[in-house]
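# What the coordinates show
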Amino acid sequence: MLFVLPPTCRAAFCGLIFMLASKISQAQDAASYAHDYRFTVLYYGEGDRPDWENSFNTAEKYFNYYEPVKREFHAVGVPIGEYPPTGRLNTATGLGVSLEKGDFAGAFGFPVRALSKTYTSYNVFDASGVSVIALGIHPGNANEYEYRLVLNDSVVAKDWSPFTKFKKVPATGYEYADMGRLCWPGQYVLIETRNRQSRLDAGSVVVNWPAKPVLAVSGTRVFFQEDNERGMNGYLEATLLHQKNATHKDPNTGVLQGLRLPGDKVYVSMIFDLKNVSPTFPYRAVLYRERRGVTDSVEIDLYFNDTYLRLKPEFFDQPGNYRLVVGNTYFFFNPAYRHWLLTIPFEVLPTPAFARKWSLLQLLPYIVGGLLLLALAIFLYYRRNARRIRRLEHAQQLRQWQLRSLQHQLNPHFLFNALGAIQNLIGRNDVQSAGRYLDRFSSLTRTVLETSGHELIPLEDELSMLQAYLEMEQLRTPFSFTIELADGIDATNTEIPGMLLQPYVENAVKHGVSGRDEGVITVQVSRQSDTLLFTVSDNGSGMQDARPRNGSTGMGLSIVNRRIDLLNEGYGAALIHTDIRSSEKGTHVTVQLKHWLDKNTINA
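Residues numbered from 1 in each chain as written. Predicted model: local features only at pLDDT ≥ 70, side-chain atom pairs only at ≥ 80, totals over all residues. Heavy atoms only, no water.

### A word on the overall build of the chain
Counting secondary structure elements, the chain contains seven helices and 33 strands. Considering the chain as a whole, with its 604 residues, one finds that 41% of them fall into the buried category. A sequence separation of at least 24 residues applies to 66% of the contacts in the chain between residues at least 6 apart. In the structure as shown, the chain presents an accessible area of about 33,700 Å², 53% of it carried by carbon and sulfur atoms. (Helix = DSSP H or I, 4+ residues; strand = E, 2+ residues; numbered from the N terminus. Buried < 20%, exposed > 50% of the residue type's maximum accessible area, 1.4 Å probe, protein only. Contact = heavy atoms within 4.5 Å. Areas by Shrake-Rupley, 256 points an atom, 1.4 Å probe, with all protein chains shown as cover.)

Laid out in structure tokens, this is it:
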């Protein structure tokens, strides 16, 4: 009959037959590979540790190659957008799950933790089954692995068994293990794989068919600040009911109804103990608030699976009505799953007006009294400090006046003795010696007058004055002298009290070597740790045999001793020590400036 049709009709009929055949072929192909399988991929950063994980879906017809050791997946002919992201599968056996309804929305569950292991989980929200495959198991390595099924973490539904069923992808020829269809409504199953020889885990996954994923509250606790050893106190659920802070407890959800928290407390936390928590459910908690005419909401937690929920005090720190809603993260805003949400209402009462006024009245006397005491303490402290500062300034000025007075006494004493020596030379008609003496005396006098206004002068200047003085005295009294400065002492930058050694050197000249044929005077400067040490010695007959000459009364030594006492008083410590030892072989004077070199620059 076909051949009697006109040519145009025959062409149209053949085209229709071809199109129907093509559609039937595509439908059969789609039926053969209708399901997508979901895998979990680990994303790697630097090194060999994964940064994070995610899941992806891939159709069975794109399976090509999987390497269990490297956990690398390869696919061919995958359309754009369907190829898995860069990474490695999280199981060595390449476990994949396919839902019979083909819808993975919300199925990816919370990671299940058991001891040191963490398992990927999936949720099935109806009575449909799932297909489980092991992409990395094929006939060539099936004898190296085995698997088992455990129900509800307690019952072994299938003990360790080898992989015996395999499927082949017609498009690529790739073979992989088929673990069959699973369906346990109201229960959850753990699919474990391991290496038969090493018994090491090769990958596991949990599939859950939650029967009643409705949360409930097993206990409510509220904590607030209080003046005790722990610094806080709290209301347990029984206390809240006993004190009429709540009317009753819902027998189904365990939520306290009519919960009203007193407004005169400073709260620390509010804790809800949860039950019926599904091990594979990620939960979300949102707190809705109506406070002072303003309605808002705050995210407490977006992704958790704990058996308790804690509210921080800053979330409910104002009077108002609150509503805490907890539910599955994926279906939180889906109206079809509204009956799965757990709602916990409560109210924070305003602070009573009487309590607020009473607290202010109680605090007011302490505040006023504290301010008065603080003002009085500041006034007394200021007055005492001002008096102390005035006394210290007065004492400091007094010491400065006394030191200057003694300095002015010492200089005339020195000048008087020098003029007496010149007069003695002139009386003996030794005009030439008197001229030289007068020349050195004028130079020495200029140095003394220049340094007389300073309490401290460089050690270099002190030794120069001693050098000039001893050279001047040699013109009228024959003797020899040496001035020795130890290494490591910076004479330029080390300062000492002016005219400190001159009275002792003068005493050695007038009462030590005067009148002797071979008189010797030695001045030594050395250091012992941070102490500056001076010694003045002579080979005279000793101070016990010395007699005042030329009207001298030893005024220089008494002046310098008084200066040392005043200096030590000003320093607040006995830094300057003197020691005079005399015998028939001579006199030895030691002057110590203790810890003195801490305050000067020393070239060690």
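### Re the pairing of strand 31 (residues 531-538)
Where burial is concerned, most of strand 31 is hidden: eight out of the eight residues are buried. Alternating positions in strand 31 separate into two faces, Thr531, Leu533, Thr535 and Ser537 on one and Leu532, Phe534, Val536 and Asp538 on the other, with burial throughout. Bridging between strand 30 (residues 519-528) and strand 31 involves eight bridges; their strand directions are antiparallel. Bridged to Arg527 within strand 31 is Leu532. Sheet topology places strand 31 next to strand 33 (residues 586-593); six bridges connect them, and they run antiparallel. Bridge pairing links Phe534 to Val591 in strand 33. (Pairing = 2+ DSSP bridges.)

### Observations concerning the nonpolar core
Residues Leu532, Phe534, Val591 and Leu593 are the most contacted members of the largest nonpolar core, which totals 44 residues. Breaking this core down by element, the ones donating at least two residues are helix 4 (431-451), helix 5 (459-473), strand 28 (479-485), helix 6 (502-513), strand 30, strand 31, helix 7 (555-571) and strand 33. Of all the elements, helix 5 adds the most residues to this core, at seven residues. Leaving out residues up to four positions away in the same chain, Leu532 has contacts with Ile489, Thr494, Ile496, Val525, Ser526, Val591, Gln592, Leu593, Trp596 and Leu597. The next biggest cluster of nonpolar side chains, apart from the first, holds 35 residues, and it includes Phe224, Ala246, Phe316 and Val326. (Core = buried A, V, L, I, M, F, W, Y, C linked by side-chain atoms within 4.5 Å.)

### Digging into a nonpolar patch on the surface
Among the surface-exposed residues, Leu302, Tyr303 and Tyr330 lie close enough to one another that they form a single nonpolar patch of about 270 Å² accessible area. Within the secondary structure, Leu302 sits in strand 23 (residues 294-304). (Patch = residues over 30% accessible without salt bridge, like charges linked within 9 Å, V, L, I, M, F, W, Y side chains within 5 Å. Salt bridge = Lys/Arg side-chain N within 4 Å of Asp/Glu carboxyl O.)

### Some remarks on unusual backbone geometry
Most of the time, phi is negative for any residue but glycine, and the peptide bond is trans. Unusually for a residue other than glycine, Arg199 sits at a positive phi of about 60°. Note on placement: Arg199 falls in the loop between strand 14 (188-195) and strand 15 (201-208). For Arg199, a relative accessible area of 55% puts it in the exposed group. Positive phi outside glycine occurs at Arg292, with the angle close to 55°. Of note, Arg292 is situated in the loop between strand 22 (283-291) and strand 23. Exposure remark for Arg292: the relative accessible area of 68% places this residue in the exposed category.

### A short note on the side chain of Asn328
Within the fold, Asn328 resides in strand 25 (residues 320-328). Classification of Asn328 as buried rests on a relative accessible area of 4%. With residues near it in sequence (within four places) discarded, Asn328 still touches Phe281, Pro282 and Tyr283.

### As for the sheet that holds strand 30
On the basis of which strands lie adjacent, the open sheet formed by five strands has the order 28-30-31-33-32 and mixed pairing. The strands lining the two open edges of the sheet, one partner per strand, are strand 28 and strand 32 (576-583). On average, each strand axis in the sheet is tilted by 10° relative to the strand beside it, whichever way the strands run. Seen against the sheet, helix 5 touches strand 28, strand 30 and strand 31 and runs at an angle of roughly 170° to strand 28. (Axes fitted to C-alpha atoms, helices over the stretch in contact; angles between N-to-C directions.)

### Things to note about the pairing of strand 26 (residues 342-348)
Of the two faces of strand 26, only the one carrying Leu342, Ile344, Phe346 and Val348 is buried; Thr343, Pro345 and Glu347 on the other face are not. The sheet contact formed by strand 20 (residues 260-261) and strand 26 spans two bridges and is parallel. Within the sheet, the bridge partner assigned to Arg260 lies in strand 26 and is Glu347. Both strand 25 and strand 26 contribute to a ladder of seven bridges, which runs antiparallel. Note that in strand 26 the partner of Tyr322 across the bridge is Phe346.

### Some points on the sheet that holds strand 25
As summarised here, the arrangement of the five strands in space is 20-26-25-22-23, forming an open sheet in which the pairing is mixed. At either margin of the open sheet sits one strand with a lone partner, and together these are strand 20 and strand 23. Examined bridge by bridge, strand 22 and strand 25 share eight bridges and lie antiparallel to one another. Following the sheet pairing, Arg289 is matched in strand 25 by Tyr322.

### Some details on the environment of Asn539
Position of Asn539 among the secondary structure elements: in the loop between strand 31 and helix 7. Sequence separation between Asn539 and Glu584 is 45 residues, and the spatial gap between their C-alpha atoms is 8.5 Å. Excluding anything up to four places from it in sequence, Asn539 contacts Val513, Arg516, Glu518, Gly519, Val520, Lys585 and Gly586. There is a polar contact of 3.1 Å between the side chain of Asn539 and the backbone oxygen of Glu518. (Polar contact = N/O pair within 3.5 Å; in protein donor to acceptor, adjacent residues only side chain to side chain.)

### Quick word on the side chain of Thr220
Looking at where Thr220 falls in the secondary structure, it is placed in strand 16 (residues 216-225). Residue classification places Thr220 among the buried residues on the basis of a relative accessible area of 3%. Excluding residues within four positions of it along the chain, Thr220 makes contact with Tyr235, Leu236, Glu237, Leu240, Leu256, Ile271 and Phe272.

### What about the packing of aromatic side chains?
Two aromatic rings are characterised by how far apart their centres lie and by the angle between their planes. As enumerated under the stated definition, the model contains 11 aromatic pairs in all. Between Tyr283 and Phe304 the ring centres are 6.1 Å apart and the planes differ by 45°, which places this aromatic pair in the tilted class. Of this pair, Tyr283 sits in strand 22 while Phe304 sits in strand 23, and the two are 21 residues apart along the sequence. Centroid distance Tyr322 to Phe346: 5.1 Å. Interplanar angle 5°. Geometry classified as stacked. Within this pair, whereas Tyr322 is found in strand 25, its partner Phe346 is found in strand 26, the two being separated by 24 residues in sequence. For Tyr322, a relative accessible area of 3% corresponds to the buried category. Here the aromatic cluster, defined as three or more aromatic residues joined through ring pairs, consists of Phe224, Tyr235, Tyr267, Phe316, Tyr322 and Phe346. (Phe/Tyr/Trp six-rings, centres within 6.5 Å; stacked < 30°, edge-to-face > 60°.)

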